[in-house]
Amino acid sequence: MKVVYCDVLVIGGGLAGLRVAIGVRQRGLDAVVLSLVPPKRSHSAAAQGGMQASLGNVVKGAGDSEDVHFEDTVRGSDWGADQRVVRMFVETAPKAVRELAAWGVPWSRVRRGDREVIINGQRVTITERDAAHGLVAQRDFGGTRKWRTCYVSDGTGHAMLFAVGDQAIAHGVPVHERREALALIHDGSRCGGAVVRDLVTGELIAYVARATVIATGGAGRLYRVTTNAVICEGIGAALALETGVAALGNMEAVQFHPTGIFPAGILVTEGCRGDGGLLRDAAGHRFMPDYEPEKKELASRDVVSRRMAEHIRRGGGVPSHFGPHLWLDITLLGRAHIERNLREVKEICHYFLGIDPAKDWIPVHPAQHYTMGGIRTDHTGESTTLRGLFAAGEAACWDMHGFNRLGGNSVAETVVAGMIVGEFVADFCQSPRGNLDLSTALIADAVAAERAALDALLASRGDESADVLRAEMQQAMTDGVGIFRTGADLEAAVARLQELLVRSRRIGLRHRVDGPNPELVTAYRVRRMLKVALAMACGALARRESRGAHFREDFPRRDDARWLCRTLATWPRPGDSTPTLNYEAIDVGAMELPPGWRGYGARDYVDHPDTPQRAAQVAATRERLAGAGREEVQQALMPFRHLLPPRLRAGNDRLPESAA
């Protein structure tokens with residue numbers, strides 16, 4: 001048995017995983033990164049539009065602060081987020097942008113003087129301040145009150161990933177490519193690494209580590225049409241789920257991006273709408289102001305996606321061979337702007353649609369995009385039920401996003417969570433809690449169990465095809481756990497997924513090679529994917545309300561009285577056909593921003609019984625501290641700064657409001 005020992009094992013080679021590894025290396029610890037692909041081909045590279053940080057550099061971002069970013073994020077989450085974590089995030093995001101600039105990310109920059117922009121379909125001239133010249137530029141994004149999204153044209157994730165990847169090399173972080181974690185090594189209370197399969201040779205290797213970090217991204221490939229890369233299959237969540245101990249949080253919270261190109265679903269950045277693009281229907285009518293007269297195309301993503309689907313239902317869709325779609329019109333931005341700031345969009349349209357977006361409208365339709373749920377952790381990034389297991393980025397339910405993520409907050413979370421969680425992982429390893437005492441017999445048994453499971457698959461004469469099961473799962477999720485959900489559809493989806501899980505135990509292989517065998521890989525992955533899909537579908541069926549991206553047509557109101565809580569899904573026994581669901585209450589009494597109207601549609605929600613009292617307490621505190629500094633007021637409402645690692649507690653500087 002081959003064993004690799006390290007202080008920290010990071011599963012996932014995207015932005016979050018690399019940034020955690022860099023953080024622990026900076027603290028003098030050994031870190032090893034496992035990646036299915038070369039890190040610079042991770043899905044992080046697909047992030048186009050930018051990352052949010054309250055720098056307040058551009059004139060349309062003047063007055064921005066951690067407070068405004070905090071409120072936008074909490075409202076965007078539909079009060080599902082952990083407000084302490086949101087505070088930690090918004091405080092650290094400006095530091096992350098500046099660190100990335102120092103590492104070589106070529107952020108688009110502010111140019112002093114007049115420039116033309118498109119706002120609400122109209123060409124407007126704005127004047128950038130002299131003092132802001134050369135600072136990081138920011139664009140508008142949905143669900144925000146200020147222009148806050150820092151960007152590198154529309155290749156932000158690509159630029160960030162290459163810079164962070166280079167830093168990982170500079171810090172001597174070894175990346176073991178083409179290796180996949182099959183199971184976590186644990187004794188029921190302490191995680192100590194993972195059993196890993198070499199995808200080239202088929203060899204099984206035990207990686208033993210004091211801390212294990214899952215940073216494997218999302219689970220978009222559970223759906224038929226997604227903006228996610230083919231490696232985003234939710235396997236990190238499945239590894240945690242299959243321990244029987246670690247919990248997944250809020251898996252029913254699945255975001256659909258409004259503008260996946262039709263029919264492929266490839267992402268067209270929110271930056272198109274942030275820069276002034278418009279959504280149009282079959283008649284060429286701009287329909288979003290009819291539904292959301294204030295924010296229009298720049299409402300939160302879940303809102304825009306629902307409005308688009310609703311408009312198609314009402315007959316506004318453009319008929320096509322593949323079904324109805326809508327149009328995204330960025331022609332009004334002009335060719336120069338598109339070729340400078342939306343270059344990837346132009347290339348995607350050219351190569352996948354054969355059109356020129358400077359003169360042609362882009363066919364779009366909402367597509368699965370992001371998984372707000374993930375491995376439930378506390379504010380340090382550690383699992384609340386399995387010591388030594390951490391998670392960061394989209395694989396985690398930290399919980400920064402609640403039931404809907406704002407555009408630009410995901411790529412920001414990868415590096416911000418990487419910075420914060422990396423420090424906590426190092427603290428863990430350098431404390432008595434990080435001591436590891438797993439027997440060699442436990443490690444050997446974990447490897448033997450995975451070897452036996454693989455051998456059984458290779459020897460199976462079953463009549464089921466993993467590819468067929470996977471396609472049927474994706475269709476069941478698309479049909480039943482989509483933008484609009486009903487009890488009947490969800491019940492059908494759960495029943496279908498249970499049936500597929502049973503059938504997956506009869507998978508047979510045509511190719512019985514224990515080496516580079518894609519059929520074998522699909523077979524053992526699809527079983528895990530079905531468990532994650534069931535966590536999503538069962539959570540959605542049980543949650544009888546609408547919150548953020550989870551919209552129940554049969555329960556259209558947000559119900560704080562009954563459902564202001566996180567869903568926790570576990571899989572205690574391998575033979576179970578559904579997850580076990582429990583709930584974690586969200587404490588209204590500890591909130592800085594008590595639940596209220598989100599800002600979209602009717603003011604139609606059920607208050608939590610503690611909300612009026614907490615709202616009165618917040619108002620009284622603000623009145624008592626009238627005239628005090630922003631930080632003093634915030635500290636009185638919800639202390640959080642002590643939760644941050646010491647080196648990240650300093651404040652953030654901005655241009656003075658009077659700078660001209």
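Everything below is about the structure shown above.
Residues numbered from 1 in each chain as written. Predicted model: local features only at pLDDT ≥ 70, side-chain atom pairs only at ≥ 80, totals over all residues. Heavy atoms only, no water.

Here's the deal with the pattern of salt bridges
Here the structure, examined in full by the defined rule, presents 69 salt bridges. A salt bridge links E116 to R123; the nearest nitrogen and oxygen atoms lie 3.6 Å apart. Assessed through its relative accessible area of 53%, E116 is described here as exposed. Accessibility expressed as a relative area gives 48% for R123, which makes it partly exposed. A network of salt bridges, in which partner residues are shared, links E66, D67, R87, E91, K95, E592, R630, E631, R641 and R654. (Salt bridge = Lys/Arg side-chain N within 4 Å of Asp/Glu carboxyl O. Buried < 20%, exposed > 50% of the residue type's maximum accessible area, 1.4 Å probe, protein only.)

Observations concerning the packing of helix α14 (residues 487-504) against helix α15 (residues 518-542)
Where α14 meets α15, the closest approach of the two axes is 9 Å, and the angle between their N-to-C directions is 160°. Considered as vectors, α14 and α15 are oriented roughly antiparallel to each other. Judged by the twist between their axes, the crossing of α14 over α15 is left-handed. Facing α14, whose interface residues are G487, L490, E491, V494, L497, Q498, L500, L501 and S504, α15 presents R527, L530, K531, A533, L534, A537, C538, A540 and L541. Broken down by class, the residue content of the contact of α14 with α15 amounts to 12 nonpolar, 3 polar and 3 charged. (Axes fitted to C-alpha atoms, helices over the stretch in contact; angles between N-to-C directions. Helix = DSSP H or I, 4+ residues; strand = E, 2+ residues; numbered from the N terminus. Parallel < 35°, antiparallel > 145°, perpendicular 65-115°, else oblique. Left-handed = near helix turned anticlockwise from the far one by under 90°. Contact = heavy atoms within 4.5 Å. Nonpolar A, V, L, I, M, F, W, Y, C, P; charged D, E, K, R; others polar.)

What to know about the environment of R313
Considering the arrangement of structural elements, one finds R313 in helix α8 (residues 301-316). On a C-alpha basis, the gap between R313 and P324 in space is 9.4 Å, while along the polypeptide they are 11 residues apart.

So, the pairing of strand β1 (residues 2-11)
Two faces belong to every sheet, and in a regular strand the side chains alternate between them. Counting buried positions along β1 gives 7 out of 10 residues, so the element sits mostly inside the fold. By the bridge criterion, 4 bridges tie β1 to strand β2 (residues 31-35) in an arrangement that is parallel. Each bridged residue has a counterpart across the sheet, and for V10 the counterpart in β2 is V33. Traced from β1 through helix α1 (residues 15-26) to β2, the parallel crossover comes out right-handed. (Pairing = 2+ DSSP bridges. Right-handed = clockwise from strand over helix to strand, strands pointing away.)

A short note on the packing of aromatic side chains
One pass over the structure, following the stated rule, counts 6 aromatic pairs. With centroids separated by 5.7 Å and ring planes inclined at 90°, the aromatic side chains of Y223 and F256 adopt a geometry described as edge-to-face. Pair noted here: Y223 is in the loop between β11 (204-214) and α5 (235-241) and F256 is in strand β13 (residues 254-261), with a separation of 33 residues, a long-range link. Accessibility assignment for this pair places Y223 and F256 in one class, buried. Centroid distance F287 to Y291: 6.4 Å. Interplanar angle 85°. Geometry classified as edge-to-face. Taking NZ or CZ as reference, R87 lies 4.4 Å from the ring centre of F70, over its face. (Phe/Tyr/Trp six-rings, centres within 6.5 Å; stacked < 30°, edge-to-face > 60°. Lys NZ or Arg CZ within 6 Å of the ring centre and 35° of its normal.)

As for the nonpolar core
Membership of the largest hydrophobic core comes to 84 residues, with the highest contact counts inside it found for I11, L222, L248, M473 and L497. In terms of residue count, α15 provides more of this core than any other element does, 15 residues in total. What M473 contacts, discounting residues up to four positions off in sequence, is R221, L222, L497, L500, M529, L530 and A533. Within the second largest apolar cluster, 72 residues are counted, among which are A45, V86, V173 and F424. (Core = buried A, V, L, I, M, F, W, Y, C linked by side-chain atoms within 4.5 Å.)

Comments concerning the packing of helix α2 (residues 66-76) against helix α3 (residues 83-102)
Orientation of α2 relative to α3, taken along the N-to-C sense of each, is 135°, at an axis distance of 9 Å. It follows from the interaxial angle that α2 and α3 lie oblique. In terms of crossing hand, the pair formed by α2 and α3 is right-handed. On α3, the residues that touch E66, D67, H69, F70, T73 and V74 of α2 are Q83, V86, R87, F89, V90 and E91. Partitioning the contact of α2 with α3 into residue classes produces 5 nonpolar, 3 polar and 4 charged.

Some thoughts on the side chain of Q368
Here Q368 is to be found in strand β16 (residues 362-371). A polar side-chain atom of Q368 sits 2.7 Å from a polar atom in the side chain of T226. When near neighbours in sequence (up to four residues on either side) are disregarded, Q368 contacts G220, Y223, V225, T226, T227, N228, V254, Q255 and F256. (Polar contact = N/O pair within 3.5 Å; in protein donor to acceptor, adjacent residues only side chain to side chain.)

Thoughts on the sheet that holds strand β22 (residues 580-585)
Strand order in the open sheet formed by 5 strands is β19-β17-β12-β21-β22, and the pairing between neighbours is mixed. Each edge of the open sheet carries a strand with a single partner, namely β19 (396-397) and β22. Here 2 bridges tie strand β12 (residues 248-249) to strand β21 (residues 565-570), and the two strands are oriented antiparallel to one another. Bridged to L248 within β21 is A569. Where α15 meets the sheet, its contacts fall on β12, β21 and β22, and the angle it forms with β22 comes to roughly 60°.

Structural notes on the environment of N409
You can see N409 is positioned in helix α11 (residues 409-429). It is 8.5 Å that separates the C-alpha atoms of N409 and A53, two residues lying 356 residues apart in sequence. Ignoring sequence-local partners within four residues, the contact set of N409 consists of Q52, H69, T73, F89, M400 and H401. Side chain to side chain, N409 and H69 meet in a polar contact 3.1 Å long.

Examining the sheet that holds strand β7 (residues 149-150)
Read from one edge of the open sheet, 3 strands run β3-β7-β6, paired in antiparallel fashion. Across the chains shown, the open sheet's two edge strands, defined by having one partner strand only, are β3 (51-52) and β6 (138-139). Across 2 bridges, the pairing between β3 and β7 is antiparallel. Bridge assignment links Q52 to a residue of β7, and that residue is T149.

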